[in-house]
Amino acid sequence: MKIDFHSHILPGIDDGSRNIEESVALLDMMSEDGVDIVCATPHFYMHKVSIDRFIENRNNAYEQLKPHLKPEHPKILLGAEVLYNHALVHSEEAGRLCLQGTDYLLWEMPYTKLTSDIIRDTEELSQNTQLKLMIAHIERYLNFTSYNELSELMRLDVIGQINAVSLTKFSSRRSCKKLIDDGFVYVMGTDYHRTNSGHALLGQAEEVIRKKFEPRMIERIAHNGEKILRNEPLHKLRCL
Ligand SMILES: [Fe+2]
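Residues numbered from 1 in each chain as written. Predicted model: local features only at pLDDT ≥ 70, side-chain atom pairs only at ≥ 80, totals over all residues. Heavy atoms only, no water.

1. Observations concerning helix α1 (residues 20-32)
Okay, step 1: Under the 1.5 Å per step criterion, the end-to-end length of α1 is 18 Å for 13 residues, consistent within 8% with the ideal 18 Å.
Okay, step 2: Among the residues of α1, those classed as buried are I20, E22, S23, V24, L26, L27 and M30.
Okay, step 3: Buried positions along α1 lie against β1 (3-4), β2 (37-40), α2 (51-65) and β4 (75-78).
Okay, step 4: The opening residue of α1, the one whose side-chain oxygen lies 3.3 Å from the backbone nitrogen of E21, is N19. (Helix = DSSP H or I, 4+ residues; strand = E, 2+ residues; numbered from the N terminus. Expected span 1.5 Å × (residues − 1). Buried < 20%, exposed > 50% of the residue type's maximum accessible area, 1.4 Å probe, protein only. Contact = heavy atoms within 4.5 Å. Polar contact = N/O pair within 3.5 Å; in protein donor to acceptor, adjacent residues only side chain to side chain.)

And the structure:
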């Protein structure tokens, strides 16, 4: 099964799709790419909006889009890309932001050096609640923090997601390869925002994996994704 775990396809809710037409165009591209399920993960910024309001906005955006969906479109699961916030760590409400039908939460790190406080907060969130943390586009933080600091985060009881586009670009492919080899990457997402935002489809990333890496990784990624949707834990192994 081909699952996109990270996207901004819902209309008018964040810096992703601007309107229904753009959402439909994004879904058309994804269905042509053979995507079965796409997780709609609008940005959630706790300092800007309450969880109640966010969920209301997200549901409204989805309801507006629904009549325009085509049978060939991927199935949409609702979720959120939750930016790190210390206040969320001890909040009993954080679970409401999980991917629909699961306890998996897409957790976005701040674009700064990953300090011991941030890493400790993430550890506490994963230990003190039922949540299973999926760290969003782990390769991107290497622009802000060292590989060692990122490794420290990824050695926690968390799983990593990478963006398809990072595999297709020569400049980021090497760091993705290292993250994969170190067992930190479990699933992929497109993180698609706008039709012209220069992202890559999952199929393009799979092509790179097939040619440059190990073709069996594609099966592993699919297997991991299916387990997540069944809300099963992923064991901390070299999962790719
Ligand atoms: Fe995103």
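2. Comments concerning the coordination of the iron ion
Okay, step 1: Protein-derived ligands of the iron ion are H6 (NE2), H8 (NE2), E81 (OE) and D191 (OD), with the metal-ligand distances lying across 2.1 to 2.2 Å.
Okay, step 2: Every donor counted, the four donor atoms about the iron ion form angles of 81 to 166° at the centre, which fits irregular coordination.
Okay, step 3: When the donor residues of the iron ion are listed from N- to C-terminus, their spacing reads H-x1-H-x72-E-x109-D. Here H6, found in the loop between β1 and α1, pairs with E81, found in strand β5 (residues 81-83); they are 75 residues apart in sequence, far enough to count as distant. (Donors = N, O, S within 2.8 Å, 3.2 Å for Na, K, Ca; no water. Tetrahedral: all angles 85-135°; square planar, octahedral: opposite > 155°, others 65-115°.)

3. Digging into the pattern of salt bridges
Okay, step 1: For the structure shown, the criterion picks out 17 salt bridges.
Okay, step 2: A salt bridge links E149 to K113; the nearest nitrogen and oxygen atoms lie 2.5 Å apart. Linking E149 in helix α5 (residues 147-154) with K113 in the loop between β6 (104-108) and α4 (116-128), this pair joins segments that are 36 residues apart in sequence.
Okay, step 3: Salt-bridge contacts for E206 lead to R210; the nearest nitrogen and oxygen are separated by 4.0 Å. (Salt bridge = Lys/Arg side-chain N within 4 Å of Asp/Glu carboxyl O.)

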